[in-house]
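Chain by chain, the residues run as shown.
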Amino acid sequence: MIEETLLEAEEKMEKAVVVAKEDFAAIRTGRPGPATFNKITAEYYGAQTPINQLASFSVPEPRMVVVSPFDKTSMGQIEKAIRDSDLGVNPANDGNVIRVVFPDLSEERRKEYIKVVRSKAEDARVSIRNIRRHAKDAFDKAVKAGDIGEDEGHRAQEELEEITHKYVAEIDELLKHKETELLEV
């Protein structure tokens, strides 16, 4: 029971780190890329669909991304989704492709991105702590019910703390790396 709970908690914490990595990848630093568009969805035949499933992306210049929709009828929706997103860009539609030119990152914009990154990192930490709390509750209930001994429950909680610290440290490392990336000019 202890091993299963710890394993489940560790898997969930790993997923929280993966989500944080994806969130960080969507925040552009110097050069925009396809990952910048990962979280943007457009309406396609009545359903919200990620635009990375509706189009291909290329980066012909350092500050430009060309979006080529697979289905030309979805071009207007993709353009609208990019315009309405938090990227702060105005896409240009020429009938065949959508060109998205990103402005240079100003110092002010970099600081805004750092705030966003810190917020996403804190969300990931909170998620990890919630997973820890649920696992700890499961151990407490098992001790109370007599399924495991108090010493076993205490050891399991110590192991859970070690796992939690490991994943929180991973989030902190990702945050530090992303902040460094954002501050590079």
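Preceding block: the structure.
Notes on the structure follow. Remember, it's a predicted structure, so these values are computed and weren't measured experimentally. (Residues numbered from 1 in each chain as written. Predicted model: local features only at pLDDT ≥ 70, side-chain atom pairs only at ≥ 80, totals over all residues. Heavy atoms only, no water.)

## Some details on the pairing of strand S6 (residues 98-101)
What counts, and what does not: Under the scheme applied here, a residue whose accessible area is under 20% of the maximum for its type counts as buried, over 50% as exposed, and between as partly exposed, the area being computed with a 1.4 Å probe on protein chains only. Labels follow the DSSP assignment, with helices taken as runs of H or I lasting at least four residues and strands as runs of E lasting at least two, numbered in each case from the N terminus. Two strands pair under a simple rule: DSSP has to find at least two bridges between them.
A one-sided burial pattern is seen for S6, the buried positions being Ile98 and Val100 and the unburied ones Arg99 and Val101. As judged from the four bridges shared by strand S4 (residues 64-69) and S6, these two strands associate in the antiparallel manner. Note that in S6 the partner of Val65 across the bridge is Val100. Relative to S6, strand S5 (residues 92-93) runs antiparallel, the two sharing two bridges.

## Quick notes on the side chain of Asp23
Test applied: Residue contacts are defined here by distance: any two heavy atoms, one from each residue, within 4.5 Å place the two residues in contact.
You can see Asp23 is positioned in helix H1 (residues 2-25). Under the relative-accessibility criterion, Asp23 is labelled buried at 14%. Not counting the four nearest positions on each side in its chain, Asp23 is found in contact with Lys39 and Lys120.

## Focus: the packing of helix H3 (residues 107-145) against helix H4 (residues 150-183)
Let me state the cut-off plainly: Every angle, taken between N-to-C directions, lies between 0 and 180 degrees, and every axis is a line fitted to C-alpha atoms, over only the stretch in contact when it is a helix. Here roughly perpendicular refers to angles of 65 to 115 degrees, roughly parallel to angles under 35, roughly antiparallel to angles over 145, and oblique to all remaining angles. Gly counts as polar in this scheme, as do all residues outside two lists: the nonpolar Ala, Val, Leu, Ile, Met, Phe, Trp, Tyr, Cys and Pro, and the charged Asp, Glu, Lys and Arg.
Two elements in contact, H3 and H4, have axes separated by 10 Å at closest approach and are oriented at 170 degrees. With respect to their mutual orientation, H3 and H4 come out roughly antiparallel. Across the contact of H3 with H4, the residue classes tally to 17 nonpolar, three polar and eleven charged.

## Let's talk about the pairing of strand S3 (residues 55-61)
The sheet contact formed by S3 and S4 spans five bridges and is antiparallel. Residue pairing in the sheet places Ser56 in a bridge with Ser68 of S4. With antiparallel pairing between neighbouring strands as the criterion, S3 and S4 make up a hairpin whose turn holds two residues.

## Description of the sheet that holds S3
In a beta sheet, neighbouring strands pair by backbone hydrogen bonds and run either parallel or antiparallel. The sheet built from four strands is open, its strands ordered S3-S4-S6-S5 with antiparallel pairing. This sheet does not close on itself; its edge strands, each paired only once, are S3 and S5.

## Examining the nonpolar core
Test applied: As used here, the term nonpolar core means buried Ala, Val, Leu, Ile, Met, Phe, Trp, Tyr and Cys residues forming a set that is joined through side-chain atoms within 4.5 Å.
Met13, Ile128, Leu160 and Ile171 are the most contacted members of the largest nonpolar core, which has 29 residues in total. Contributions of two or more residues to this core are made by H1, H3 and H4. In terms of residue count, H3 provides more of this core than any other element does, ten residues in total. The contacts of Met13, once residues within four sequence positions are left out, are Ile128, Ile131, Arg132, Leu160, Ile163, Thr164 and Tyr167. Membership of the second largest hydrophobic core comes to 18 residues, among which are Leu54, Val67, Ala81 and Leu87.

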